[in-house]
Amino acid sequence: QVQLVESGGGLVQAGGSLRLSCAASRNILTINAMGWYRQAPGKQRELVAAITSGGSTNYADSVKGRFTISRSIVKNTVYLQMNSLKPEDTAVYYCNADIDTMAHWGQGTQVTVSS
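Quick summary incoming for the structure in this document. (Residues numbered from 1 in each chain as written. Predicted model: local features only at pLDDT ≥ 70, side-chain atom pairs only at ≥ 80, totals over all residues. Heavy atoms only, no water.)

1. Re the pairing of strand S3 (residues 18-24)
Consideration 1: Of all seven residues in S3, five are buried, a share of seventy percent or more.
Consideration 2: As defined by bridge partners, strand S1 (residues 4-7) adjoins S3 across four bridges and the pair is classed as antiparallel. For Ser7, the partnering residue across the bridge sits in S3 and is Ser21.
Consideration 3: One ladder, built from six bridges, connects S3 with strand S8 (residues 77-82); its direction is antiparallel. Across the sheet, the residue bridging to Ala23 is Thr77, located in S8. (Buried < 20%, exposed > 50% of the residue type's maximum accessible area, 1.4 Å probe, protein only. Helix = DSSP H or I, 4+ residues; strand = E, 2+ residues; numbered from the N terminus. Pairing = 2+ DSSP bridges.)

Okay, here's the thing in structure tokens:
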């Protein structure tokens, strides 16, 4: 089991940046993979970026080159640095932890990008 607490969302103008944080209640190296998902109104939840316990990363095509996922093992925290934000990035962003094929979710944080 793990508890995930997200922070860092907010309102930003197009072209701006935000950094999301996800603090985990356990050693993140014991978690198979952690990731960020997002869900816009009327749309399905989609993977934005993920990082494995070994440090491998992957990104949705729509955010490649703009978003970066990273982690602090000391702080048991995963970050999502979002640059060059676009209005279509507006969504609730959720932190996810995959532990033995079971998904755990944070409460979500709203990101709104104005044009």
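2. Some points on the state of the cysteines
Consideration 1: One pass over the structure, following the stated rule, counts one disulfide.
Consideration 2: Disulfide pairing places Cys22 opposite Cys95 at an S-S distance of 2.0 Å. With the S-S dihedral at roughly -80 degrees, the linkage between Cys22 and Cys95 falls on the left-handed side. Of this pair, Cys22 sits in strand S3 while Cys95 sits in strand S9 (residues 91-99), and the two are 73 residues apart along the sequence.
Consideration 3: For Cys22, a relative accessible area of 0% translates into the label buried. (Disulfide = S-S within 2.5 Å.)

3. Here's the deal with the sheet that holds S3
Consideration 1: Strand order in the open sheet formed by four strands is S1-S3-S8-S7, with antiparallel pairing between adjacent strands. Both outer strands of the open sheet, S1 and strand S7 (67-72), are each paired with one neighbouring strand and no more. With strand direction ignored, the average angle separating the axes of adjacent strands in the sheet is 15 degrees.
Consideration 2: The pairing of S7 with S8 spans six bridges and is classified as antiparallel. Note that in S8 the partner of Ser72 across the bridge is Thr77. (Axes fitted to C-alpha atoms, helices over the stretch in contact; angles between N-to-C directions.)

Everything listed here is a matter of coordinates, which is why it stays silent on function.
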